[in-house]
Amino acid sequence: MRYLRPSAVGGFLRRNVAGVIALALIAALFFAARIPQVSDAEKVDVAGSYGFESRSIGLPQGYPEKQIRPVNQAYSNIDAWISSVGAAIAMNDLDGDGLPNDLCVVDPRTDQVSVTPAPVPGSERRYAPYALTSGALPMGTAMAPMGCTPADVDGNGRMDLVVYYWGRTPIVHLARPGVPQGPDAWTATELVPNTGGATYTGPQWNSNAMAVADFDGDGTLDLYVGNYFPDGPVLDPTRSDGVAMNASLSAATNGGKDAIFRGLPERPGTFAEVPGVLADDVSGGWVLGSAASDIDGDLRPELYIAQDHGKDAMLHNVSAPGRIAFEPVYGDRDPMVPKSKRIGADSFKGMSADFADLDRDGVKDLFVSNITQPYGIQESNFQWMATEATPQAMGAAMAQGRAPWVDESTGNGIAWSGWGWDVKSGDFDNSGNLAVVQATGFVKGETNRWPQLQELATANDTLVSDPAMWPRVSRGDDLSGNQAVRFWAPRPGGGYADLSHVLGLDAAIPTRGIATGDADGDGRLDVAVARQWDVPAFYRNVAPDAGNAMTLDLVHAGSRTFGPGSPVVGAEARLARPDGRTLVETVDGGGGHSGKRSSELHLGLGAADGPVPVALTWRDATGVPHSETVTLTPGRHTVELGQSATVIDQVVQ
């Protein structure tokens, strides 16, 4: 055997120092970037505290069904691609019985927006499923609903519904107190004033995202509407003009311009569009998702915009009552952070987003769903973890233009999931730990079109703006069509395991919207899923060993005259656990892609069964901020928030 002298080895290293360093760096990055492997045995063990029971969702019958949409002739070779969105679902209390046991479902097979009871025990006795109507508002054939957002926009204590479309501006369906559930229970009104007439002639918005929050802190709800295609007849098969494609796959700014509406306190239920809030490079990025939540503790929600073909935007709220304003913030650049993963300036395909305190340290993190198709477009999801210790420190960083988050998706095993869509976090076993539920899948068919799409993904941006240059994606073609819902559960040693198969959530059907809420009031979060070109699904939580939980309905004082109360969107509850973790939950006005969680707050308490202090912060109906600590037991509680916090109803679990 031949041995090298130490001097020879040293000489070799000196002569090849650059190559040796490169190889060492490659090896280090390889081991750093590997997703942790989770064995089947560990998945079964982690899944022991979870359980779901699949139930069918009732929908109104008698409407003609289709499996693909008629589209503008310019899109004829990609009509399945154009038809790949529109399935949506929301869970909330729409009939005023005090439980979020009602669903608003958008079904692209019929293009109907339906209200139906969640399929939990006793639901069949409440009311029959029915479709919303537009009343006397002008409509047309070249339009389709894309999402349904529950929100009490007029503050009368009953949830209204805001429906957004391709082909027109959103419609606000105002609840009529005292009217039994059915089409007559709502009054359809325009969000944007229209000239009227039998046929719609207004702006042809193509909306795919909505966030509801009190952006300016005046006590009245505001709306963000994220648009995808530029205004135009996308769904008009009689036209071959008036439409466009994205000018880039990662930096396009030619999408439909987004809109922000300020709620008018003097005229409840009405809004005024506020021009110029968002810069053109933010507004035109082909939006598919958004999320709003207060990060810095000032009770003014920040806004994250997930852009499919543009750079995602992280916006710091610098509003004042009567004036909505945001400032963009960006993640730090360093040699270990590629520009494709820089928060506020990434180049990945943003599909949805959800703010949540994933590590329970009292500061909110952010999960962003992207396209992560292996051997296709393999980007990564973003698990942006806060780098500052307090909300106030987060605010100080954002005031300097910095976005104080770092992506930890790869090390936590949650980076790659498929063609991602909506995402929602929640404590599904009441352990105090948050799991993440993610919709995935794109177009289901028999012919794999990934080779052609990969060619487009590497093409020059001057080509992708022409729909004729796109690969054929029509009836029978497949792009990630066999992907299932992902259920990312936290592992005891850190990171996440996908329990979809173990929990029976792995139907190979493309999904879009995720909604969560405790529909049957048993203290366990249920899940509803919107499927593209298939029946929606409801998964009742039957976790066998779930811990105790606290459910909070935080409503405005004096808003319970006509219903269960108007949710105080943006109100926050903090609960310090004995193990040192802090549970932080915020009343969500509705964000994500096409799924909307219920308005109540859900806090998992584990084995704790005695009274615990809960710190509440909120803005009252006039915009004045307040904070108070109340002592509550496990179970359901309704708390009126005005000048003070008043517990008006307690139901022990």
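Residues numbered from 1 in each chain as written. Predicted model: local features only at pLDDT ≥ 70, side-chain atom pairs only at ≥ 80, totals over all residues. Heavy atoms only, no water.

As recorded in an unreviewed UniProt entry, the protein goes by CRTAC1 family protein and comes from Actinomycetospora atypica.

Next up on the list: helix H6 (residues 391-399). Structurally, the α-helix is built with 3.6 residues per turn, so residues lying three or four positions apart point the same way. Taken together, the buried positions of H6 are Pro391, Met394, Gly395, Ala397 and Met398. End-on view of H6: buried residues confined to an arc of 160 degrees, all on one side of the axis. Exposed residues on H6 whose side chains face more than 90 degrees from its buried face are Gln392 and Ala399. Against the buried residues of H6 lie strand S15 (302-307), strand S16 (313-317), strand S17 (326-329), strand S20 (382-386), strand S21 (405-407) and strand S32 (572-576). Positioned one or two residues after H6, Gly401 has a phi angle of 90 degrees, which is positive. (Buried < 20%, exposed > 50% of the residue type's maximum accessible area, 1.4 Å probe, protein only. Helix = DSSP H or I, 4+ residues; strand = E, 2+ residues; numbered from the N terminus. Arc of directions from axis to C-beta. Contact = heavy atoms within 4.5 Å.)

This part takes up the UniProt feature "domain: ASPIC/UnbV" (unreviewed entry) in the protein. Using the residue numbers shown here, the UniProt feature "domain: ASPIC/UnbV" (unreviewed entry) corresponds to residues 569-623. For residues 569-623, the helix share is 0%, the strand share is 47%, and the end-to-end C-alpha distance is 12 Å. (UniProt positions renumbered as here; feature names shortened; annotations may be inferred.)

Overall, antiparallel pairing links the 4 strands, which are arranged S1-S30-S29-S28 in an open sheet. The open sheet terminates on both sides in strands that have one partner only, identified here as strand S1 (52-56) and strand S28 (511-517). The sheet shows a mean angle of 25 degrees between the axes of neighbouring strands, taken without regard to direction. As judged from the 3 bridges shared by strand S29 (residues 526-531) and strand S30 (residues 537-541), these two strands associate in the antiparallel manner. Bridging from a neighbouring strand, Val527 pairs with Tyr539 of S30. (Pairing = 2+ DSSP bridges. Axes fitted to C-alpha atoms, helices over the stretch in contact; angles between N-to-C directions.)

Moving on: the pattern of salt bridges. Opposite charge on two side chains lets them pair, provided their charged atoms get close. Per the stated rule, a full pass over the model turns up 34 salt bridges. One salt bridge in this structure joins Arg597 and Asp354, with 3.0 Å as the shortest N-O distance. Taken as a pair, Arg597 in the loop between strand S34 (595-596) and strand S35 (601-606) and Asp354 in strand S18 (residues 352-356) lie far apart in primary sequence, 243 residues in all. Accessibility expressed as a relative area gives 15% for Arg597, which makes it buried. A salt bridge links Lys424 to Asp422, with the nearest nitrogen and oxygen atoms 3.1 Å apart. With respect to class, Lys424 is no different from Asp422; both count as buried. The structure contains a network of salt bridges with shared partners spanning Glu53, Arg55, Asp520 and Arg540. (Salt bridge = Lys/Arg side-chain N within 4 Å of Asp/Glu carboxyl O.)

Positive phi, normally seen in glycine, also occurs at Leu299, with a value near 65 degrees. Structurally, the position occupied by Leu299 is in the loop between strand S14 (287-293) and S15. Judged by relative accessible area, Leu299 falls into the buried class, the value being 15%. In this structure, Tyr375 takes a positive phi of about 60 degrees despite not being glycine. Looking at the element boundaries, Tyr375 is found in the loop between strand S19 (365-369) and S20.

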